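One-letter residues, chain by chain:
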Protein chains: 2
Amino acid sequence: MSKLDAILEQVDTNMSASVDKLVHFLTFPSVSSQPEGKEGILACSDWLKSELGKLGFDVQVVETAGHPLVMARTGSDSGGVKALFYGHYDVQPAEPLDAWITPPFQPAIRDEDGLKRIYARGASDSKSQVWSVLEAFRAWKETAGDLPIDAIILLEGEEETGSPSLPEFVEIHRDALSCDVAFISDSDMWSPARPAITTHLKGLLHEKVTIHAPNGDLHSGHFGNVAVNPVRVLARILASIHDDRGRVTINGFYDGVEPVSPALRDQWQALDITEALSGVSVAGGPDEGGGYGPIELMWGRPGIDFNGLVGGNTGPGERSVLPGSASARLSFRLVGRQRPEDVRAKFRSFVEAGLPVGCRVEFEGCGGSSAVSVNDAGPYVAATARALDCEWAQPTLIKGTGGTIPLIELLTNSLNVDCIVTGFILADDAIHAPNERYDVERLRKGIRSWVRILSELANFKRGSNE
Amino acid sequence: MSKLDAILEQVDTNMSASVDKLVHFLTFPSVSSQPEGKEGILACSDWLKSELGKLGFDVQVVETAGHPLVMARTGSDSGGVKALFYGHYDVQPAEPLDAWITPPFQPAIRDEDGLKRIYARGASDSKSQVWSVLEAFRAWKETAGDLPIDAIILLEGEEETGSPSLPEFVEIHRDALSCDVAFISDSDMWSPARPAITTHLKGLLHEKVTIHAPNGDLHSGHFGNVAVNPVRVLARILASIHDDRGRVTINGFYDGVEPVSPALRDQWQALDITEALSGVSVAGGPDEGGGYGPIELMWGRPGIDFNGLVGGNTGPGERSVLPGSASARLSFRLVGRQRPEDVRAKFRSFVEAGLPVGCRVEFEGCGGSSAVSVNDAGPYVAATARALDCEWAQPTLIKGTGGTIPLIELLTNSLNVDCIVTGFILADDAIHAPNERYDVERLRKGIRSWVRILSELANFKRGSNE
């Protein structure tokens, strides 16, 4: 039996313990966007420190202005390449809680469709992704001794809030983070049989907009037909952001957008859209009226989305209130050379221009990230694809995503490191939604994939690109 | 000293006790639209039964499918007219609680602007209105013995939810409710110096509309640019309900609307709009572009208002969610011969026509009331105006309102009774809003007003209209 086969067998043998550890990881309510999540964040980062220590890494929990990062590295010099492995241990809020079939932080394993599915917030995005890497390290060490590379592990606690502390962290720890290649373990497969490496990632900014009427709450029976209603103002502004086909009407929004190359477009158009959407219906959705297919819309076109809406009476009963204010949350997904601050300024001017006399608008939002494209002709992309091809039934797809991972922009632009973005999330894992799930077989194949990637990396020389 | 003067003096002497009793009345959290309000509703109706019993009335608490009504009557035959006095003891929800300077069900009396202001939910709408009538009865009885009329008192617990049980109640108790005149004590003054009798009341219906996407919640980064967003669909539908000037665009909405008579219009246009609005700004508000002044818009024109809005992420943090649904609450204020069911059907067709393929709409709402106009040339209107003229600094105004009191339609149309709608609410009492308030001096003059009305009623013969 080859060394690789022995390590892969160790992965299979150890699966029961791997699942138990992941389940424990999933019990921490590490919700980064809610103040009440702080306790779960801290407990989770402490637990990760302890687990990484047991695996033989030098670990530190690095405090930031927000939530801490867990940073670990192999203690001795392997003589191999320096590779960074990034993941995040924070999760999205679990609300609405009553939509979950089992409580979001009490992981439950259910037999469904021939799979053992683990239900929990973070089951797919992204604790299973983090855990697959760590179990690969464990299997390697238990079977073959030291890793064949110098590994740096970086686990973030603010990914779901746009990574506000990461730029300063990367700037401060430039030397410690310097590496030959960085693996970003937080992305999806093309289909259950086909793995993927994501090379096109969109930029992102969030805005919250609140329309304030000149008055506070009023009786709608008395004043509804004569005083301005901020819900109506907000609805009119939101409705005017897109035309009938979903194309953004904000002046200059598309500045800096670059067309997808004809070659890549052809490749994307050849894909089976049913597989890409995995049960999600796009009936009635936007298409810009520009002849873009669904995949190009998702991976190659910028957009503005509405994530939340609240105003006036949100309770169960009727109430004759003319609300004093109404607000919406929006997110902007950017491509090409669109700049977040430029898009933000144009959006705010657009809203202000639509504001009736007497009303006032309040904006919340700062920062944001630009789009990133990773060079998909480099040797690490090819090595990773070879590794994945061996584990999965279908060949690796080089793809794009509408999602955003802020670290990639920082590593690419600040540290000039090649980033390999891969992971095993599927579209119907219900990430960011109630009943998020992952399956045990995918966990097993994910761990084995990382073992195979380590085995490929053993062939590289430090500082080399071949 | 005349008998009337002696009774009025008794009102003044007894004010401290009157305030204490009202304060106790205000401690009941009798919120009719929330399930958790039931306990407060029941405790409040029991307390009212006890208080009316102590005042010498025959009282019963009448159960309904919803909340109970408290019905009381004078025990002996006075030989005078039969007069019904209606009020409601239920209140609007108090949310948002953190906007209150003192807790909504712990009444606080504050010295402000030379007034003693009572802060509490229901302080103005409508517990002080109910209490003014009862204290007038108390002063009369303590000073002069039996009332000069046969009084029927009807206190409702569902006014703020559109009085769903009232039609059946009125039908069942037709005989017990038969009377010469009905006083509806739940309306506003023109200004702090000028009392009013309201003869034009709008009809009302509520609708809740929920747009369901074909999918549940999704990750907006992945699917935001290609799957339909129900917030966007809802915003577009709400935005299209009115044109730029606030005129409703729903086909046939204005069917049955009757123009205000030129004489009434002249009278309304002569009023000081600043007094009518009492600090409320109408900047940026709708005007239909039809040359209507603010008073005609409030009292004489129908409208559609947005009372609430909710969808997706309503929490404090950012969340990349493409919501699975979004909903809005609307209220429709009707005039003339507009029929609630007709307006509801037209609205629903309008929404359905604006729905993209793949989306589904869900409506909640039933019932509703038509507009009512009371004959303002009758003798009871004149008698009430004489009474009010004696108490207040300026002469009584005959006015309209955008508000709705379902009982009036029932009494006018079912029992053919003249309804006199009066009360002492002011526009800046913050009814239906946080920090609702009323002042002690207005309570005193309100009680005295009802004593003067009783004194006028003593001159009427039973069954007479003169």
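Residues numbered from 1 in each chain as written. Chains lettered and ligands numbered in written order. Predicted model: local features only at pLDDT ≥ 70, side-chain atom pairs only at ≥ 80, totals over all residues. Heavy atoms only, no water.

Here we look at the packing of aromatic side chains
Two aromatic rings, taken as a pair, are described by how far apart their centres are and by the angle between their planes.
Residues and elements named next belong to chain A.
In step 1: Summed over the entire model, instances satisfying the criterion amount to 32 aromatic pairs over all chains.
In step 2: With centroids separated by 5.0 Å and ring planes inclined at 85°, the aromatic side chains of Phe253 and Tyr254 adopt a geometry described as edge-to-face. The burial state of Phe253 is the same as that of Tyr254; both residues are buried.
In step 3: Put simply, the rings of Phe57, Phe85, Phe137, Phe183 and Trp450 touch in pairs and so form one group of aromatic residues. (Phe/Tyr/Trp six-rings, centres within 6.5 Å; stacked < 30°, edge-to-face > 60°. Buried < 20%, exposed > 50% of the residue type's maximum accessible area, 1.4 Å probe, protein only.)

Brief notes about the sheet that holds strand β13 (residues 325–334) of chain B
In step 1: If you walk across this open sheet you meet the 8 strands as β14(A)-β9(A)-β13(A)-β11(A)-β11(B)-β13(B)-β9(B)-β14(B), and the pairing is antiparallel. This sheet does not close on itself; its edge strands, each paired only once, are β14 (360–364) of chain A together with β14 (360–364) of chain B. Averaged over all pairs of adjacent strands, the angle between strand axes in this sheet comes to 25°, irrespective of strand direction.
In step 2: Across 5 bridges, the pairing between strand β9 (residues 203–212) of chain B and β14 of chain B is antiparallel. Counted as the bridge partner of Ile211 of chain B is Val361 of chain B from β14 of chain B. (Pairing = 2+ DSSP bridges. Helix = DSSP H or I, 4+ residues; strand = E, 2+ residues; numbered from the N terminus. Axes fitted to C-alpha atoms, helices over the stretch in contact; angles between N-to-C directions.)

Quick word on the relation of the copies chain B and chain A
In step 1: Once turned by 180° and shifted 0.0 Å along the axis, chain B lies on chain A with an RMSD of 0.0 Å. Such a combination of turn and shift is consistent with a two-fold rotation axis.
In step 2: Interface overlap between copies: 100% of the residues of chain B at the interface are likewise at the interface in chain A, consistent with a symmetric, same-surface contact. (Least-squares fit on C-alpha atoms with pLDDT ≥ 70 in both. Contact = heavy atoms within 4.5 Å.)

Focus on the nonpolar core
In step 1: Counting 67 residues, the largest nonpolar core has Val209, Ile211, Leu238 and Leu330 of chain A together with Val209, Leu238 and Leu330 of chain B as its most contacted members.
In step 2: The next biggest cluster of nonpolar side chains, apart from the first, holds 63 residues, and it includes Phe57, Phe137, Leu388 and Trp392 of chain A. (Core = buried A, V, L, I, M, F, W, Y, C linked by side-chain atoms within 4.5 Å.)

Quick notes on the UniProt feature "domain: Peptidase M20 dimerisation" (unreviewed entry) in chain A
In step 1: When the UniProt feature table is mapped to this numbering, "domain: Peptidase M20 dimerisation" (unreviewed entry) covers residues 200–356 of chain A.
In step 2: Taken end to end, residues 200–356 of chain A is 31% helix and 23% strand, and its two terminal C-alpha atoms sit 40 Å from one another. (UniProt positions renumbered as here; feature names shortened; annotations may be inferred.)

Section: the sheet that holds strand β18 (residues 437–439) of chain A
Residues and elements named next belong to chain A.
In step 1: One open sheet holds the 3 strands; their spatial order is β4-β5-β18, and the pairing between them is antiparallel. Unpaired on one side and paired on the other, β4 (108–112) and β18 mark the two borders of the sheet. With strand direction ignored, the average angle separating the axes of adjacent strands in the sheet is 30°.
In step 2: By the bridge criterion, 3 bridges tie strand β5 (residues 115–119) to β18 in an arrangement that is antiparallel. Bridge assignment links Arg117 to a residue of β18, and that residue is Asp439.
In step 3: Helix α15 (residues 440–457) rests against β5 and β18 of the sheet, and its axis sits at about 65° to β18.

Some remarks on the interface of chain B and chain A
In step 1: In this complex, chain B contributes 86 residues to the contact, which on the side of chain A involves 86 residues.
In step 2: Taking both partners together, chain B and chain A bury about 7,200 Å²; carbon and sulfur atoms supply 53% of that area.
In step 3: Sorting the residues of chain B by area buried against chain A places Asn225, Glu318 and Arg319 of chain B first, and these three jointly supply 11% of that buried surface.
In step 4: Counting across the chain B and chain A interface gives 2 salt bridges.
In step 5: With a closest N to O distance of 2.4 Å, Arg236 of chain B and Asp244 of chain A form a salt bridge.
In step 6: Joining chain B to chain A, the criterion identifies 42 residue pairs in polar contact (both at pLDDT 80 or more).
In step 7: Elements represented by at least two residues in the side of chain B that touches chain A include exactly β10 (218–219), α7 (220–223), α8 (230–239), α11 (294–300), β11 (303–312), β12 (321–322) and β13 of chain B.
In step 8: Of the residues forming the side of chain B that touches chain A, the biggest block, 9 residues, is contributed by β11 of chain B. (Buried area = accessible area lost by both parts, 1.4 Å probe. Salt bridge = Lys/Arg side-chain N within 4 Å of Asp/Glu carboxyl O. Polar contact = N/O pair within 3.5 Å; in protein donor to acceptor, adjacent residues only side chain to side chain.)

Topic: the environment of Ala239 of chain B
In step 1: Tracing the backbone shows Ala239 of chain B in helix α8.
In step 2: Not counting chain neighbours up to four residues away, the residues in contact with Ala239 of chain B comprise Ala235, Arg236 and Ala239 of chain A.

Overview of the pairing of β9 of chain B
All names here are of chain B.
In step 1: In terms of burial, β9 is a largely internal element, 10 of the 10 residues being buried.
In step 2: Taking every second residue as pointing to the same face, both faces of β9 are buried, with Gly203, Leu205, Glu207, Val209 and Ile211 on one and Leu204, His206, Lys208, Thr210 and His212 on the other.
In step 3: Sheet topology places β9 next to β13; 10 bridges connect them, and they run antiparallel. Opposite Glu207, over in β13, you have Leu330 as the bridge partner.

A word on the side chain of Ser191 of chain B
In step 1: Mapped onto the elements, Ser191 of chain B comes out in the loop between β7 (181–185) and β8 (196–201).
In step 2: With residues near it in sequence (within four places) discarded, Ser191 of chain B still touches Glu275, Gln394 and Leu426 of chain B.

Here we look at the pairing of strand β16 (residues 397–401) of chain A
Residue and element names in this part refer to chain A.
In step 1: Across the 5 residues of β16, 4 count as buried, placing the element largely inside the fold.
In step 2: Judged from the 5 bridges that link them, strand β8 (residues 196–201) and β16 form a sheet pairing that is parallel. Its bridge partner lying in β16, Ile197 is registered against Ile398.

Points about the packing of helix α2 (residues 15–26) of chain B against helix α15 (residues 440–457) of chain B
All names here are of chain B.
In step 1: At their nearest, the axes of α2 and α15 sit 11 Å apart, and the two run at 105° to each other. Classed by the angle they form, the pair α2 and α15 counts as roughly perpendicular. For the pair α2 and α15, contact is made by Met15, Ser18, Val19 and Leu22 and by Val440, Leu443, Arg444 and Ile447, respectively.
In step 2: For the contact of α2 with α15, the class distribution of residues is 6 nonpolar, 1 polar and 1 charged. (Parallel < 35°, antiparallel > 145°, perpendicular 65-115°, else oblique. Nonpolar A, V, L, I, M, F, W, Y, C, P; charged D, E, K, R; others polar.)

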